[in-house]
Amino acid sequence: NAEYMGIHVGGSLYPNGVYLLDGATAAGWFSTLICIVNLVLIARYFVDVPVEDGGAVAPSKKPVFDTLDQTVQSEVPKPIPNRPTTPTSALPPPAKTDVIPERTCCVSVDKTIDLLAVGICMFVFFLVITVFAVFETILSKIVNDLYDWKTEKSGILFMACGVVSIFAFAAIKPLAKKLSDRAVLALGLLGMIGAGGICLDFHSDNIPLWRFLIAQALFSIGYPWASAILYALFSKILGETKQGTMIGILTAAGSMARTLGPLAAGYGYYYGHTKAVYLIIGGSATLALLTTLVFWTKLQEYEVLLEHMIAKYTKRSARFLA
């Protein structure tokens, strides 16, 4: 989320028009700094998990240590060569994926992946990033036209939004444990809908400052929840299959939104002023929430979706044989 941080917090590095960094590049330099921190953290703490053809996690090449002998008083247990690992509990029976027919299209995609769930997740992600692109494009213009805010005040606003977003991102993990990924997504979309709806006024383009600030707070909470949890949901939908290509397509959907969102913001503000902009924001978020609710059962883990697919095709085969 260095991109989001750079855009919203970077502006605060240019107060009063005088700073060591140029005002036009402050956000970019701040994003660069955060990206460097990300690279250090990835190199230090992230570990690659090799995946074999077919999606199974490759067995570890590390030696198996004997930890059953309690008489050995040693901090490092002795390795036992060629000792097979023994599971502590019975393994579940393998899924009967042979009942799932081969694909007639997208044949290169694993047949056990629910493509409808994948498409739904991509569509919702596209809408969420579209809303964000509209916000980031037109926000400075709105505060300048409505409240005559210049660089300093706009920078403070963006910094405050960034700080709120940091806490929102930090709250995702404990919130998802108490609720579910889908519930967190729905809450995030509700926050984005509120951000658009609270600023809609069809009789006037003047938005009271208190309403505008509440909308910013709602968006700064709703967007992190929706965007981050969609990445997690998408990965869970794909399961242990190879995810590289699919994640790339998801990112491409977000890039398309980053392309179309500014166009929608610019034309909307030109022809319909703030009403059109917040109508686009609220409408896109509402469509994303409705899609989530309609396809609620599709936004689940790979194992659950696979069970549903197997049950569906097993029933179909039984019906055909009968």
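Heads up: the structure comes first, above all this text.
Just so it is clear, the structure is predicted and the values come from calculations on it, not from any experiment.

Chemist: Kindly report on the overall build of the protein, identifying the contributing residues and their values.
Modeler: Looking only at helices and strands, the protein features eight helices and zero strands. Along the protein, from the amino end to the carboxyl end, the secondary structure elements read α-α-α-α-α-α-α-α. For the protein, the residues scored as buried account for 36% of the 322 residues in total. Expressed as a percentage of contacts within the protein between residues at least 6 apart in sequence, the contacts between residues at least 24 apart total 76%. Entry remark: accessible area of the protein is about 19,200 Å², with carbon and sulfur atoms responsible for 65%.

Chemist: Outline helix α5 (residues 181-197), supporting the account with residue identities and numerical values.
Modeler: Over its 17 residues, α5 extends 24 Å from the first C-alpha to the last, a length consistent with the 24 Å expected when each residue adds 1.5 Å. Three or more residues of α5 are buried, namely Asp181, Arg182, Val184, Leu185, Ala186, Gly188, Leu189, Gly191, Met192, Ala195 and Gly196. Considering only its buried residues, α5 is in contact with α3 (115-147), α4 (151-178), α6 (209-238) and α7 (244-294).

Chemist: Would you mind going over α3 in detail, with residue names and values included?
Modeler: Under the 1.5 Å per step criterion, the end-to-end length of α3 is 47 Å for 33 residues, consistent within 8% with the ideal 48 Å. Remark: the principal bend of α3, roughly 45°, maps to Ile138. For α3, the side-chain oxygen to backbone nitrogen distance between the N-cap and Leu116 is 3.1 Å, and the N-cap itself is Asp114. Among the residues trailing α3, Asp148 stands out with phi positive, at a value near 55°.

Chemist: Residues and numbers for the packing of aromatic side chains, please.
Modeler: In this structure the tally under the stated criterion is nine aromatic pairs. Seen in terms of ring centroids, Tyr147 and Phe212 are 5.5 Å apart; in terms of plane orientation they differ by 55°. Their pairing is tilted. In this pair, Tyr147 is assigned in helix α3 and Phe212 in helix α6, connecting sequence segments 65 residues apart. Comparing Tyr147 with Phe212 shows no difference in burial state: the two are buried. On the basis of an interplanar angle of 15° and a centroid distance of 5.7 Å, the ring pair of Phe219 and Tyr223 is categorised as stacked. Residue Phe219 and its partner Tyr223 are located together in helix α6, separated by four residues, close to a single helical turn.

Chemist: How would you explain the side chain of Gln243 if you had to name every residue and give the values?
Modeler: Note that Gln243 resides in the loop between α6 and α7. Separated by 3.1 Å, the side chains of Gln243 and Ser235 make a polar contact. Non-local contacts of Gln243, meaning those with residues more than four positions away in its chain, are made with Ser235 and Leu238.

Chemist: I'd like a rundown of the packing of α4 against α6, residues and numbers included.
Modeler: Contact pair α4 / α6: the axes reach a minimum separation of 8 Å and the direction vectors enclose 40°. Here α4 is positioned oblique relative to α6, judged by the angle of their axes. Relative to α6, α4 is oriented so that their crossing is right-handed. Side by side, α4 and α6 meet where Leu157, Cys161, Val164, Ser165, Ala168, Phe169, Ala171, Ile172 and Leu175 of the first sit next to Phe212, Leu213, Gln216, Ala217, Ser220, Ile221, Pro224, Trp225, Ala228 and Ile229 of the second. Along the lines of polarity and charge, the residues of the contact of α4 with α6 split into 16 nonpolar, three polar and no charged.

Chemist: Lay out a negative patch on the surface with the relevant residues and their values.
Modeler: On the surface, Glu240, Glu301, Glu303 and Glu307 cluster together into a patch of negative charge. Tracing the backbone shows Glu307 in helix α8 (residues 302-321).

Chemist: Tell me about the environment of Thr245, and name the residues and values.
Modeler: Inspection of the secondary structure assignment puts Thr245 in helix α7. Considered as a pair, Thr245 and Val109 are 136 residues apart in the sequence and their alpha carbons are 9.7 Å apart.

What counts and how
- Residues numbered from 1 in each chain as written.
- Predicted model: local features only at pLDDT ≥ 70, side-chain atom pairs only at ≥ 80, totals over all residues.
- Heavy atoms only, no water.
- Helix = DSSP H or I, 4+ residues; strand = E, 2+ residues; numbered from the N terminus.
- Buried < 20%, exposed > 50% of the residue type's maximum accessible area, 1.4 Å probe, protein only.
- Contact = heavy atoms within 4.5 Å.
- Areas by Shrake-Rupley, 256 points an atom, 1.4 Å probe, with all protein chains shown as cover.
- Expected span 1.5 Å × (residues − 1).
- Bend = angle between axes of the 7 residues up to and from the residue.
- Polar contact = N/O pair within 3.5 Å; in protein donor to acceptor, adjacent residues only side chain to side chain.
- Phe/Tyr/Trp six-rings, centres within 6.5 Å; stacked < 30°, edge-to-face > 60°.
- Axes fitted to C-alpha atoms, helices over the stretch in contact; angles between N-to-C directions.
- Parallel < 35°, antiparallel > 145°, perpendicular 65-115°, else oblique.
- Left-handed = near helix turned anticlockwise from the far one by under 90°.
- Nonpolar A, V, L, I, M, F, W, Y, C, P; charged D, E, K, R; others polar.
- Patch = residues over 30% accessible without salt bridge, like charges linked within 9 Å, V, L, I, M, F, W, Y side chains within 5 Å.
- Salt bridge = Lys/Arg side-chain N within 4 Å of Asp/Glu carboxyl O.
- Lys, Arg positive; Asp, Glu negative; His and termini not counted.
- Charge placed at Lys NZ, Arg CZ, Asp CG, Glu CD.

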